[in-house]
Amino acid sequence: MPRQLEGSRAVAEAVALCRPEVICAYPISPQTHIVENLSQLVKSGELTPCEFVNVESEFAAMSVAIGACATGARAYTATASQGLLYMTEALYNASGLGLPIVMTVANRAIGAPINIWNDHSDSMSQRDCGWIQLYAETNQEALDLHIQAFRLAEELSTPVMVCMDGFILTHAVERVEMPTQQQVDAFLPAFQPRQLLDPGEPITIGAMVGPEAFMEVKYLAHAKQMQALQLIPEIAADFNDAFARDSGGLIRAYRAEDAETIVVALGSVLGTIKETVDELREQGRKIGVVGITSFRPFPLDAVRAALAGAQRVLVLEKALAVGVGGIVSADVRMALAGIHLHGSTAIAGLGGRPITKASLHGLFTDAAADRLTPLTFLDMDWDVVNRELERMGSSRSSGPHAENILRDVGAVAAGPV
């Protein structure tokens, strides 16, 4: 059924159709509307049986999800930014224990300085915690990925986070096709946990493991993600059959078959990139794009096949590995080991800075002409950066960077430094 919905509302209704039995949440922008909508569905009786647990922190939210899932309940939560970092210890516990929790991450920058706008710093920081990570390009895909995520998580008995760009998707109203309860019930079987805390049959979940077995236990998380590389496309194909909509999968290529230059990216920026690619194609430029849906597990073979015919690859990233540069780029380089391509990385959109078609036109033109350095910062104000570097070099008491730069760009009143 086509409807005009805010992204958060669409995700909330999709999650509700998956019949979660425990939802636990702590509010943090920009994910709050998702759990607010779910709480209303629980309170009204539209989502039943389901217990909505208000907790005192994000760490508690994940801890409650762990406990609920371990006792056989289908569990869900959502978070963003600092909230995801507060969960870190529990995230590793959830994956290490093999608990199929589904969580939405409404991607948002990590401070300091404080910033509530979108980039991928939060989920990228947890790329090695053992959770599957799926990235949505649109609100329709975010809706669809949550339905697929519950099935994926429960078939593998491993947790899945669905990442959608904060505000850009969560607060945008778009047309979406909302499936019926009957359709979702037919696609997503009732939860049958592989491990269950039952007083009638006592077991230990989370036992102490020493050097004699720790590596073997940890390997199983990796083994499940390798299984996910096969299962994710299969579930996407089943989803297409059931809902007549192509959504999910490992990667999605666009006008890349004959492309000499291919841009690799994740999330909502793919829409702007595709529009830019279309305009450059009209000018005769052979350029395409590969969108990565599954970042963990990373689809090395699929990426290699998609990029093998190109002459150069540009990875556009909305996160920064301080001291190195690109995060996704490192995995792309691994996929291309042995293939000699001209590659570069562009860091863009940090802290919600707009990524415009005008800027992308210049970036892609420079990439096609091999004018890019290995690491580029799109739309960086180098005058501001160099002014602060000079300030640091001339005085040991140069002051806080954030406040100094805000003064330089005129965002706060000028004053003594």
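Draft legend 1. Region of interest: the layout of surface pockets. Roughly 1500 Å³ of volume is contained in the largest pocket. Lining the largest pocket are 38 residues, and of these P113, L350, R353, M380 and I405 lie nearest its centre. Those elements that provide at least two residues to the lining of the largest pocket are helix 14 (382–394) and helix 15 (401–408). The biggest single contributor to the lining of the largest pocket is helix 14, with five residues. Considering only residue class, the lining of the largest pocket consists of 26 nonpolar, six polar and six charged. Within this model, the second largest pocket holds a volume of roughly 540 Å³. Among the elements of the structure, helix 5 (88–96) and helix 9 (214–243) are those that each provide at least two residues to the lining of the second largest pocket. It is helix 9 that contributes the most residues to the lining of the second largest pocket, six residues altogether.

Draft legend 2. How the structure looks around helix 9. Over its 30 residues, helix 9 runs 42 Å from end to end, which matches the ideal 44 Å to within 8%, given 1.5 Å per residue. Remark: the principal bend of helix 9, roughly 35°, maps to L229, with a proline, P233, within the next four residues. Taken as a whole, helix 9 has its buried residues at A223, K224, Q225, A228, L229, L231, I232, I235, A236, F239 and F243. Buried residues belonging to helix 9 abut strand 6 (132–135), helix 7 (139–156), helix 8 (181–187) and strand 12 (294–296). Following helix 9 by one or two positions, A244 has its phi on the positive side, about 55°.

Draft legend 3. Looking closely at the sheet that holds strand 15 (residues 375–377). Strands sit in the order 9-11-10-13-14-15 across an open sheet of six strands; the sheet is mixed. Across the chains shown, the open sheet's two edge strands, defined by having one partner strand only, are strand 9 (251–254) and strand 15. Between one strand axis and the next, the sheet turns by 20° as a mean value, whatever way the strands run. Taken together, the three bridges between strand 14 (residues 342–347) and strand 15 define a ladder with parallel strand orientation. Pairing of A346 across the sheet is with T376, part of strand 15.

Draft legend 4. Representation of unusual backbone geometry within the structure. The step from G111 to A112 runs through a cis peptide bond, and the omega angle for that step is 5°. Assignment of secondary structure puts A112 in the loop between strand 5 (102–107) and helix 6 (121–125). A cis geometry characterises the amide bond from R296 onward to P297, with omega recorded as 5°. Here P297 shows up in the loop between strand 12 and helix 11 (300–307). Positive phi, close to 50°, is recorded for S81, a residue that is not glycine. Take S81: it is sitting in helix 4 (residues 81–86).

Draft legend 5. Summary view of the sheet that holds strand 7 (residues 160–165). Ordered by their spatial adjacency, seven strands build an open sheet running 3-2-4-5-7-6-12, and the pairing between neighbours is mixed. Strands at the two margins of the open sheet, each flanked by one partner only, are strand 3 (51–54) and strand 12. If you compare each strand with its neighbour and ignore which way they point, the axes differ by 20° on average. Here two bridges tie strand 6 to strand 12, and the two strands are oriented antiparallel to one another. Pairing of L134 across the sheet is with S294, part of strand 12.

Rules and cut-offs
Residues numbered from 1 in each chain as written. Predicted model: local features only at pLDDT ≥ 70, side-chain atom pairs only at ≥ 80, totals over all residues. Heavy atoms only, no water. 1 Å grid on protein atoms, 1.4 Å probe; cavity = no way out; pocket = protein on both sides within 12 Å on 5 of 7 lines; lining within 4 Å. Points joined across faces, edges and corners; volume = space filled by probe spheres on them. Helix = DSSP H or I, 4+ residues; strand = E, 2+ residues; numbered from the N terminus. Nonpolar A, V, L, I, M, F, W, Y, C, P; charged D, E, K, R; others polar. Expected span 1.5 Å × (residues − 1). Bend = angle between axes of the 7 residues up to and from the residue. Buried < 20%, exposed > 50% of the residue type's maximum accessible area, 1.4 Å probe, protein only. Contact = heavy atoms within 4.5 Å. Pairing = 2+ DSSP bridges. Axes fitted to C-alpha atoms, helices over the stretch in contact; angles between N-to-C directions.

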